[in-house]
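# Tertiary structure, described
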Amino acid sequence: MSETPPDALPVVPLPDVPTIIDSQEGIWGNTSPDVSGFGGLARRYDMPGQVAPPLEGWFAVVDQAISAKVPDAVLARFVDRGELTLRVRPDLLPELARVLRDDPYLRFEVCGSVSGVHYPAQVGSELHAVYHLLSITHNRRLRLEVAVPETNPHVPSVTATWPMANWHERETYDMFGIIFDGHPGLTRILMPDDWVGWPQRKDYPLGGIDVQFKGASTPAADNRRSYAR
């Protein structure tokens, strides 16, 4: 990696997230002509609100166990559609991961997915890494989320705790540019090694870029020959 990891990972304060984070008109928004017939469609994108402890049911068991073992790890708690999401400090993520796996009241043995999200409007915490955990012992699912700025997108790797996160972290790096410090081989996994940019960020251009393959290139849709007569 050309980027040098910082001496200390930043602790990004939880932003004042509005209830409505975005809205869209039409099926594709207002970025292109809408020929779908859904031009009057309007959508609103909401963020669930924070909840304060004490939580209920097994959510309380998990929250209390985490608070006892890693007291400063959790920055915020969200409950939406019967699911618990914890926003956590990136610098405490490796310690928290080990506790989540090994504590008998937790036992989240599986990290089934690591994915990225890009919120350009959340200045200072634009990039989020999201971890989907499964406890086979207790039949529970938990979501962790860390937020880092675009200017310093470093998050500790959790591959030492959950080796299956290896490929998921590589894909998140490949698509969003989040750098997982301590990963055993953080290289692109979907795009060519010399690809420039992070294709799933919101500011990545849509169209107008040729699709590259080894030894070949497919023109972008707006540059292809028209077959209409």
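First, a word on what this report is: a plain description of the structure on this page. Since the model is a prediction, treat every value here as computed from it, not as a measurement.

## Comments concerning the nonpolar core
With 41 residues, the main nonpolar core has Leu100, Tyr131, Leu133, Leu142 and Leu144 as its most contacted residues. For this core, the elements supplying multiple residues, two or more each, are helix H1 (57-69), strand S4 (83-88), helix H2 (93-102), strand S5 (110-118), strand S6 (127-135), strand S7 (140-148), helix H3 (165-176) and strand S9 (179-181). Contact partners of Leu144, with chain neighbours within four places excluded, come to Leu86, Val88, Leu93, Leu96, Leu100, Ala129, Val130, Tyr131 and Leu133.

## As for unusual backbone geometry
For residues other than glycine, phi is negative in most cases, and the peptide bonds are mostly trans. Cis geometry marks the peptide bond from Pro53 to Pro54; its omega dihedral reads 5 degrees. Tracing the backbone through its elements, the reader meets Pro54 in the loop between strand S2 (42-46) and H1. Phi at Arg81 is positive, roughly 55 degrees, even though this residue is not glycine. With respect to the element layout, Arg81 can be found in the loop between strand S3 (74-80) and S4.

## Let's talk about the environment of Val88
With respect to the helices, strands and loops of the structure, Val88 is situated in strand S4. Residues in contact with Val88, not counting those within four places in the same chain, are Ala73, Val74, Leu75, Leu93, Leu96, Leu144, Glu145 and Val146.

## Regarding the environment of Ile179
With respect to the helices, strands and loops of the structure, Ile179 is situated in strand S9. The class of Ile179 is buried, set by a relative accessible area of 5%. In this structure, the C-alpha to C-alpha distance between Ile179 and Val155, residues 24 residues apart in sequence, is 6.1 Å.

## Concerning the packing of aromatic side chains
Applying the stated criterion to the full structure yields 2 aromatic pairs. Here Trp58 and Phe59 contribute two aromatic rings whose centre-to-centre distance is 4.6 Å and whose plane-to-plane angle is 80 degrees, an arrangement assigned as edge-to-face. Given a relative accessible area of 26%, Trp58 falls into the partly exposed group. Among the residues examined, Phe59 registers a relative accessible area of 13% and is labelled buried.

## Some points on H3
Given a rise of 1.5 Å per residue, 12 residues ought to cover 16 Å, and the 16 Å separating the end C-alpha atoms of H3 matches this to within 8%. Buried residues dominate H3, accounting for 9 of its 12 residues. Those residues of H3 lying buried are Ala165, Asn166, Glu169, Arg170, Thr172, Tyr173, Asp174, Met175 and Phe176. Two residues or fewer past H3, Gly177 is found with a positive phi of approximately 80 degrees.

Calculation rules
- Residues numbered from 1 in each chain as written.
- Predicted model: local features only at pLDDT ≥ 70, side-chain atom pairs only at ≥ 80, totals over all residues.
- Heavy atoms only, no water.
- Core = buried A, V, L, I, M, F, W, Y, C linked by side-chain atoms within 4.5 Å.
- Buried < 20%, exposed > 50% of the residue type's maximum accessible area, 1.4 Å probe, protein only.
- Helix = DSSP H or I, 4+ residues; strand = E, 2+ residues; numbered from the N terminus.
- Contact = heavy atoms within 4.5 Å.
- Phe/Tyr/Trp six-rings, centres within 6.5 Å; stacked < 30°, edge-to-face > 60°.
- Expected span 1.5 Å × (residues − 1).

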